[in-house]
Amino acid sequence: MMSKPAPVIFGCSGLTLTSQEINFFQKNQPLGFILFKRNIHNKHQIKLLIEDLKSTLNHTAPPILVDQEGGRVARLTGPHWFHPPATAQLVGQDIKESKRRVYETYEKIAQDLIDVGITVNCAPLLDLHVPEADPIMGDRTFSADPSLVAELGAVAIQALQERGITPIMKHIPGHGAATCDSHEALPIVNLPYRELEPHFAPFRANAHCPWAMTAHIVYAAIDPHYPATQSSLVIQSIIREKIGFQGFLISDDLGMKALTGSFAERAHTSLKAGCDAVLHCSGSMVEMIEVMKGVALFSTTIKKEAV
């Protein structure tokens, strides 16, 4: 058993934990957990599930994550919860009115999460709207204007934090220009560096956000060989230095088809590149066992280097 939490966040398979999941989490001590619709029935059930997840761990206050952006991406929905509108629907012609709507929406989101024991929201999305790009982002984005995205993103971050929820800005350093869905294939963005910089701007303006989630995208002008999640060049020179983000960096889901290789390789490569933790969402025990092999290999390597 590792002396400190393993740098991985796992999902689970259903509404309650199986005995195999309990044993696996007790043995491997992940940093925290993420919930999806398959894990959510009503408020009472979700509270019990979260308590059971937390009881498998030796460390206190593990992060409990959910994707609650609104619109297409909302894991908590009616009748038990407020279903937020899609991000784009919050934005109008008047900036003051848009900021009010964003704040009030994220305030309601935060309250729903607090009520059941969720502590981290995988939002806001600070990717730019690019009309000719793949529609996977679409109405999940605030705007095509980097300064407006930065400003409204800051309001969302503030609303979550003021209610005690940790925000995760995503998908750093910018998913907007992707011409395919990274759930299904690896997007390769061939824009010259100067045209990538506007995509970095909303993240740079919100570099104070405590957590950020990486994009599974190749930015050919920076690193033609690895997606940002697995590129030490992108993580160090762009995310950490250019953008100035010094907070907790988590990978997007290792199960997405943008990544290749075994789950052990995916986890190890992402951590080695500079992610502080990796995210695995499916709840598949076969995959989780493989992910832990990569996490354990990375942790062993780090310990050896420290000696």
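Heads up: the structure comes first, above all this text.
Just so you know, these numbers come straight off a predicted model, no measurement behind them.

A. Seen up close, the nonpolar core. Judged by nonpolar contacts, the single largest core of 76 residues is most densely connected at Phe 25, Leu 35, Ile 118, Ile 172 and Val 295. In this structure, Leu 31, Ile 168, Leu 279 and Cys 281 belong to the second largest nonpolar core, which totals 14 residues.

B. Summary view of the packing of aromatic side chains. Enumeration over the complete set of coordinates arrives at 6 aromatic pairs. Here the aromatic rings of Trp 211 and Phe 248 are separated by 4.6 Å at their centres, their planes lie at 40 degrees, and the arrangement is tilted. Here Trp 211, found in strand β9 (residues 211–214), pairs with Phe 248, found in strand β11 (residues 248–253); they are 37 residues apart in sequence, far enough to count as distant. Cluster of aromatic residues (ring-pair linked, three or more members): Phe 10, Phe 24, Phe 25 and Phe 33.

C. Inspection of helix α5 (residues 193–205) at higher detail. The terminal C-alpha atoms of α5, which comprises 13 residues, lie 19 Å apart, in line with the 18 Å expected from a rise of 1.5 Å per residue. A maximum bend of about 40 degrees is found in α5 at His 199, where proline Pro 202 lies one to four positions downstream. Buried within α5 are the following residues: Leu 196, His 199, Phe 200, Pro 202 and Phe 203. Residues of α5 that are buried sit in contact with α4 (146–162), β7 (166–172), β8 (188–189), β10 (218–219) and α6 (232–242).

D. Inspection of the pattern of salt bridges at higher detail. For the coordinates displayed, the defined rule picks out 14 salt bridges. Between Asp 67 and Lys 170 there is a salt bridge, with its nearest N and O atoms 2.9 Å apart. With Asp 67 in the loop between β3 (64–66) and β4 (68–70) and Lys 170 in strand β7, the pair connects residues that are 103 residues apart, well separated along the chain. Judged by relative accessible area, which is 2%, Lys 170 ranks as buried. Between Arg 100 and Glu 97 there is a salt bridge, with the nearest N and O atoms lying 2.5 Å from each other. With Arg 100 and Glu 97 both in helix α3 (residues 95–116), this residue pair falls 3 residues apart, about one helical turn. Residues joined by salt bridges that share partners form a network here, namely Asp 67, Glu 69, Arg 75, Arg 140 and Lys 170.

E. Quick peek at the pairing of strand β1 (residues 6–10). In terms of burial, β1 is a largely internal element, 5 of the 5 residues being buried. Of the two faces of β1, the one lined by Ala 6, Val 8 and Phe 10 and the one lined by Pro 7 and Ile 9 are each fully buried. Sheet analysis places β1 next to strand β2 (residues 30–35), joined by 3 bridges and oriented parallel. Looking across to β2, one finds that Ala 6 is bridged to Pro 30. The parallel pair β1 and β2, bridged by helix α1 (residues 19–28), forms a crossover whose chirality is right-handed. As judged from the 3 bridges shared by β1 and strand β12 (residues 277–280), these two strands associate in the parallel manner. Each residue of the ladder has a partner; that of Ile 9, found in β12, is Leu 279.

F. Representation of the environment of His 83 within the structure. Residue position: His 83 is located in the loop between β5 (73–74) and α3. On a C-alpha basis, the gap between His 83 and His 199 in space is 28 Å, while along the polypeptide they are 116 residues apart. When neighbours within four sequence positions are excluded, His 83 is seen to be in contact with Gly 71, Ala 74, Thr 77 and Gly 78. A polar side-chain atom of His 83 sits 3.0 Å from the main-chain carbonyl oxygen of Gly 71.

G. Structural context of unusual backbone geometry. Of note, the amide linkage connecting Ala 123 to Pro 124 takes the cis form, showing an omega dihedral of 10 degrees. Within the secondary structure, Pro 124 is located in the loop between β6 (120–121) and α4. With omega at 0 degrees, the peptide bond leading from Lys 170 into His 171 counts as cis. Here His 171 is to be found in strand β7. Phi is positive for Gln 29, close to 50 degrees, though the residue is something other than glycine. Within the secondary structure, Gln 29 is located in the loop between α1 and β2. Gln 29 sits in the buried class, given a relative accessible area of 3%. Of note, Ala 61 is a non-glycine position whose phi angle comes to about 50 degrees, a positive value. Of the residues examined, Ala 61 reaches a relative accessible area of 71% and is grouped as exposed.

Each value, and the rule that gives it
- Residues numbered from 1 in each chain as written.
- Predicted model: local features only at pLDDT ≥ 70, side-chain atom pairs only at ≥ 80, totals over all residues.
- Heavy atoms only, no water.
- Core = buried A, V, L, I, M, F, W, Y, C linked by side-chain atoms within 4.5 Å.
- Buried < 20%, exposed > 50% of the residue type's maximum accessible area, 1.4 Å probe, protein only.
- Phe/Tyr/Trp six-rings, centres within 6.5 Å; stacked < 30°, edge-to-face > 60°.
- Helix = DSSP H or I, 4+ residues; strand = E, 2+ residues; numbered from the N terminus.
- Expected span 1.5 Å × (residues − 1).
- Bend = angle between axes of the 7 residues up to and from the residue.
- Contact = heavy atoms within 4.5 Å.
- Salt bridge = Lys/Arg side-chain N within 4 Å of Asp/Glu carboxyl O.
- Pairing = 2+ DSSP bridges.
- Right-handed = clockwise from strand over helix to strand, strands pointing away.
- Polar contact = N/O pair within 3.5 Å; in protein donor to acceptor, adjacent residues only side chain to side chain.

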